[in-house]
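Close look at the chain arrangement
Listed here are the chains, written in short residue letters.
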Amino acid sequence: MSLPEKAFPVSWDQFHRDARALSWRLSGANKGQWKAIVCITRGGLVPAAIIARELGIRVIETVCVASYHDYTSQGQLQVLKEITPALLADDGAGVLIIDDLTDTGKTAGIVRAMMPKAHFATVYAKPKGRPLVDTFVTEVSQDTWIYFPWDMGFTYQKPIADDHAG
Ligand SMILES: O=P(O)(O)OC[C@H]1O[C@H](OP(=O)(O)OP(=O)(O)O)[C@H](O)[C@@H]1O
Ligand SMILES: [Mg+2]
């Protein structure tokens, strides 16, 4: 397991703000008219709930993809549940695909291929995945790991001075 060099921790408050910022951007795309959200589980579930609330979208579908089995190392991508055929019609035109982030772009690539005309949005993006998303809020470098609030808990932090003590 190789740990990315930099850490980008995100609090619930920050995530809510960033997901709202994404909603604002999406309200200006496709005239704000979306047939449905397809969220990529599990990470896409949280932003999908916030965006659905902001944009008044009531039809929420999932596509279940798993890849990072061992913390930061990506394994074989597995599609555990496909999208309902009703939304695949017309190549997914008018459908909003939501995920928490795009990293290598592999997950985005697989889901995009299922619905080439859908609009793909993530809250965060790294450079490799960025060309695969239509809308995102914040870009972080490829050597940064994003720590989401649902993966974290409060822990004791050593004072900075302790690192300098002999
Ligand atoms: O751009 P990629 O390199 O494909 O990585 C991005 C994907 O990885 C994470 O999901 P993960 O497969 O870890 O599952 P999870 O959402 O259930 O945590 C994240 O939520 C994205 O879906
Ligand atoms: Mg995911």
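Residues numbered from 1 in each chain as written. Chains lettered and ligands numbered in written order. Predicted model: local features only at pLDDT ≥ 70, side-chain atom pairs only at ≥ 80, totals over all residues. Heavy atoms only, no water.

Of all 8 residues in strand 5 (residues 95-102), 7 are buried; the element is thus mostly enclosed. In this sheet, strand 5 lies alongside strand 2 (residues 36-41) in parallel orientation, the contact comprising 4 bridges. The partner of Cys 39 across the bridge, within strand 5, is Ile 98. When strand 5 meets strand 6 (residues 119-125), the two strands line up parallel, connected through 6 bridges. Pairing of Leu 101 across the sheet is with Tyr 124, part of strand 6. Of the crossover connections in this fold, the one passing from strand 5 over helix 4 (residues 106-114) to the parallel strand 6 is right-handed. (Buried < 20%, exposed > 50% of the residue type's maximum accessible area, 1.4 Å probe, protein only. Helix = DSSP H or I, 4+ residues; strand = E, 2+ residues; numbered from the N terminus. Pairing = 2+ DSSP bridges. Right-handed = clockwise from strand over helix to strand, strands pointing away.)

Residues annotated in UniProt with the feature "binding site: GMP" correspond here to Asp 103, Thr 104, Gly 105, Lys 106, Thr 107, Trp 145 and Ile 146. When you line up the elements, Thr 104 lands in the loop between strand 5 and helix 4. Its relative accessible area of 26% is what places Thr 104 among the partly exposed residues. Among all residues touching Thr 104, those that are not within four sequence positions of it are Tyr 68, Gln 74, Lys 128, Gly 129 and Gln 142. Of note is the side chain of Thr 104, whose polar atom sits 3.2 Å from the backbone nitrogen of Lys 106. Structurally, the position occupied by Thr 107 is in helix 4. In this structure Thr 107 touches Ile 40, Val 65, Ser 67, Gln 74, Leu 77 and Asp 99, once residues within four positions along its chain are discounted. (UniProt positions renumbered as here; feature names shortened; annotations may be inferred. Contact = heavy atoms within 4.5 Å. Polar contact = N/O pair within 3.5 Å; in protein donor to acceptor, adjacent residues only side chain to side chain.)

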